[in-house]
Amino acid sequence: MSKRIRFLMVEDSEDDAELLLVKLRQAGYVPDCTRVDSEKAMRSALAEGGWQLVISDYVMPGFSGLRALQILRELNPDTPFILVSGTVGEETAVEAMRKGANDYIMKDNLARLVPAIERELRESAERRERRRTEESLFQERERALITLHSIGDGVITTDAQCRVDYMNPVAETVTGWSYGEAHGYLLTEVLPLVDEVTRLPAENPSALTLASGQTIQTSDPCILTNRNGQEHNVEVSTSPIYDRDNRIIGTVLVFHDITRERRMARQMTWQATHDSLTGLANRNEFADRLAYLLEGVDEQAAKEHALLYLDLDQFKVVNDTCGHNAGDELLKQLSRTLRANVPAGASLARLGGDEFGILLENVDLGQATETANHLLHTFADFTFEWQQRRFAVGVSIGLVPINAQTPSPSFVLSTADVACYVAKESGRNRVHIYQDSDIDLGERHNEMHWVSRIKEALESNRFVLYKQRIQSLNGADRTPHFEFLVRMRDQDNQTIMPSAFIPAAERYNLMNAIDHWVIDTAFAYLRRMQLNGDDGIYAINLSGNSLNDDDLPDYIQKKIGQHKVNPGQLCFEVTETAAVFNLDKVSHMIRLLKALGCRFSLDDFGSGLSSFGYLKSLPVDFLKIDGSFVHDMHVDPMNRAIVEAIHQVGHSLSIRTIAEFVESADVAEQLKAIGVDFAQGYHFGEPQALQEPQTITIERSTLGKTGL
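Model, not experiment: these values are computed from the prediction.

Enquirer: Sorry, what's going on with the pattern of salt bridges here?
Expert: Where side chains of opposite charge bring their charged atoms close, a pairing between them can arise. Here the structure, examined in full by the defined rule, presents 36 salt bridges. Residues Arg-390 and Glu-385 are paired through a salt bridge, measuring 2.6 Å at the closest nitrogen-oxygen approach. One exposure class covers both Arg-390 and Glu-385, and it is exposed. With a closest N to O distance of 3.3 Å, Lys-585 and Asp-550 form a salt bridge.

Laid out in structure tokens, this is it:
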């Protein structure tokens, strides 16, 4: 079978050139040859490319084989060059070989020509293959290095003696060692690991892998103290490196820096057990500590403890007259005052808006009373200043002894609340020690007090509606948004904020009647506004009590028809906690009313169960981010992260987000940067009373149903 060969011949003699071609044809080759005899012609031919070899005479008029060799090596250093001449001597041949010729052949011995060509073609092919392999290995190594340099984990490789022979940039940054400094050092020097709990040195993971031949994954995170003394929480895994003979020649160690995750977890744990505003323990954590304390009360040991329940007497005055920022600052200052004045070892917590609890361990009634009186005097000396206004803040304290006969944590908290109530009813600014007779007095008085006031307010039409603007942050939604807010007027026409009467109304099953009043009043107002061209969206709050009312959807549909309001302007708000505890009913009601065109909003998200999972079951249109995360997010990175997370989850479910308690431009700008859709708060406008007259008669069936 003939073999094609393409070569360049540098030869001035046509006869000699033909002689070479005859030899090749006799050997079974089909030569594709170009003959040149000058430097210019050779350079032009080489520019074409594709030559398998160059065969050159040594002496030519105006040209030489050594010059041809020099040109070839400049332009094609890998192409084989065979010198063929009848005059070349041994010294000339040696010089030619030294300068890069692959072989030389005498013209009177052309029998060597074909074997020499075949050898050079074979070696040239081997060189090309070797070069391709080397290039492939180089590229693979470069890709591996780029990958190792780009990944977010630290990577260290060691030899069989656990000495460092490679580190990627992440490993350099975390350990504080550069690769040049660490190379050859023992891994334990470069990566000193200790157990996260015991702080004892951890086993060398690479040594374990070398000994076992297995991939090792640390079961628990370790702490790495780097060269600069900084601590990092890391998760480590090591794997063996094998040679061609399947012998372990080293290890590759990968560590993931989880310092940020651990810090976030600690912060989340702290946030779950502490009040974000004051830094004190929250109600749940306080209840857990109380339960733990009661478990340790031994009847035979006769241990005694006490709980103090504190309720501020003027907090609402500050909050209502000066705003939330003033109220927050007052709570912070009082929290610092309490910390400085409670005994060492006492548990201090914020139990509610303006309520605090103190758990005193191993004290008798006399010692607990002394501590309570000391706090009473401390509050008497405290003055709060805000924008050149001064406020005296009193406190009422309920004291409950704890001993072996104390039945449960809930009993302690409820009786402490009653004792505090009795202290307030007895004239405020005093300490009251709980007595068995207090519970009936407190419950009966409180029930009669609120039932009568709410009933009278409903019958006398002394509930009023306010509305507060909900501002679009992205400019895409130009439809005005508002929320209806309910207030109550006392007999002196003083406004009672919902925080005062809503808890009592919920506790004594009065919220259904209030919600019905709000729905009737809001629908009547909306009808008048619609006739004047108003096309805004108005949010109406529905309480957890009303959500349990199976007739509520029918009642709303009936009132929509009665007042002829546009359902597209209605948005009903339900709180996160109420929605979860009534998930089936709420889901059914949402779907029923959305079919009419109504919208729904999930209120106070993040303050209750804070589970994103159930959002899939609630086809709401808006997600209101609880204000406790929003109002200080510009100075609290954790709260900002929570707001951003809630917003992202909401948008992933096509739910628009609304941030509450926006009271500054800084917070508003951060919300815009995150992409939150709407904001509500004093920065955009305070609640305003409706200007329309509101005369609504509650149906007797409603009053009878709620027991009024």
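Enquirer: Would you mind showing me how to read the confidence of the model for the protein here?
Expert: It should be kept in mind that the predicted coordinates are not to be read in detail where pLDDT is low. Averaged over the protein, the pLDDT score is 85; the fraction of residues at 70 or greater is 92%. Throughout residues 693-708 the model reports pLDDT below 50, and contacts reaching past four residues in sequence, or to other chains, amount to 33 contacts.

Enquirer: How do you make sense of the sheet that holds strand E21 (residues 431-433) when you look at a structure like this?
Expert: The strands that make up a sheet pair up through hydrogen bonds in the backbone, lying either parallel or antiparallel. Read from one edge of the open sheet, 5 strands run E16-E17-E15-E20-E21, paired in mixed fashion. Each edge of the open sheet carries a strand with a single partner, namely strand E16 (347-350) and E21. Neighbour-to-neighbour, the strand axes of this sheet turn through a mean angle of 20°, independent of strand direction. Two strands pair when backbone bridges link them, and strand E15 (residues 305-312) and strand E20 (residues 395-402) are joined in this way by 8 bridges, in the antiparallel orientation.

Enquirer: Hey, could you run me through unusual backbone geometry in this one?
Expert: Most peptide bonds are trans, and most residues other than glycine sit at a negative phi. Positive phi outside glycine occurs at Arg-199, with the angle close to 65°. When you line up the elements, Arg-199 lands in the loop between strand E10 (193-195) and helix H9 (205-212). Unlike most non-glycine residues, Lys-564 shows phi in positive territory, near 55°.

Enquirer: Can you walk me through the nonpolar core in this structure?
Expert: It is characteristic of soluble globular proteins that their nonpolar side chains tend to be buried jointly. By size, the foremost hydrophobic cluster in this structure holds 73 residues, and its most contacted members are Phe-463, Phe-523, Phe-572, Leu-602 and Leu-671. Broken down by element, this core gets its largest block of residues, 11 residues, from helix H18 (residues 511-531). For Phe-572, the contacting residues outside a window of four places in its chain are Phe-523, Ile-540, Leu-542, Ile-556, Leu-593, Cys-598, Arg-599, Phe-600 and Ser-601. Core analysis: the second largest hydrophobic core is formed by 32 residues, Ile-358, Leu-360, Ala-368 and Trp-386 among them.

Enquirer: Could you clarify how one ought to interpret the packing of helix H24 (residues 637-652) against helix H25 (residues 665-674) in this entry?
Expert: When two helices pack together, you describe them by how their axes are tilted relative to each other and by the distance separating the axes. Running from amino to carboxyl end, H24 crosses H25 at an angle of 40°, the nearest separation of the two axes being 10 Å. Classified by the interaxial angle, the pair formed by H24 and H25 is oblique. H24 and H25 meet at a crossing whose hand is right-handed. Residues Arg-640, Val-643, Glu-644 and His-647 of H24 form the contact with H25, whose participating residues are Gln-670, Leu-671, Ala-673 and Ile-674. Within the contact of H24 with H25, the residues separate by chemical class into 4 nonpolar, 2 polar and 2 charged.

Enquirer: Would you mind going over helix H14 (residues 365-380) with me for this structure?
Expert: An α-helical turn contains 3.6 residues, so a residue and the one three or four places further along point in the same direction. An ideal rise of 1.5 Å per residue puts 22 Å on 16 residues; H14 measures up with 23 Å between its terminal C-alpha atoms. On the buried face of H14, the contacting elements are E15, helix H13 (324-341), strand E17 (355-360), E20 and E21.

Enquirer: Looking at this structure, how should I read the environment of Val-254?
Expert: Inspection of the secondary structure puts Val-254 in strand E14 (residues 248-257). In this structure, the C-alpha to C-alpha distance between Val-254 and Ala-171, residues 83 residues apart in sequence, is 8.9 Å. What Val-254 contacts, discounting residues up to four positions off in sequence, is Asp-153, Gly-154, Val-155, Glu-235, Val-236 and Ser-237.

Cut-offs and rules
Residues numbered from 1 in each chain as written. Predicted model: local features only at pLDDT ≥ 70, side-chain atom pairs only at ≥ 80, totals over all residues. Heavy atoms only, no water. Salt bridge = Lys/Arg side-chain N within 4 Å of Asp/Glu carboxyl O. Buried < 20%, exposed > 50% of the residue type's maximum accessible area, 1.4 Å probe, protein only. pLDDT = per-residue confidence, 0-100. Contact = heavy atoms within 4.5 Å. Pairing = 2+ DSSP bridges. Helix = DSSP H or I, 4+ residues; strand = E, 2+ residues; numbered from the N terminus. Axes fitted to C-alpha atoms, helices over the stretch in contact; angles between N-to-C directions. Core = buried A, V, L, I, M, F, W, Y, C linked by side-chain atoms within 4.5 Å. Parallel < 35°, antiparallel > 145°, perpendicular 65-115°, else oblique. Left-handed = near helix turned anticlockwise from the far one by under 90°. Nonpolar A, V, L, I, M, F, W, Y, C, P; charged D, E, K, R; others polar. Expected span 1.5 Å × (residues − 1).

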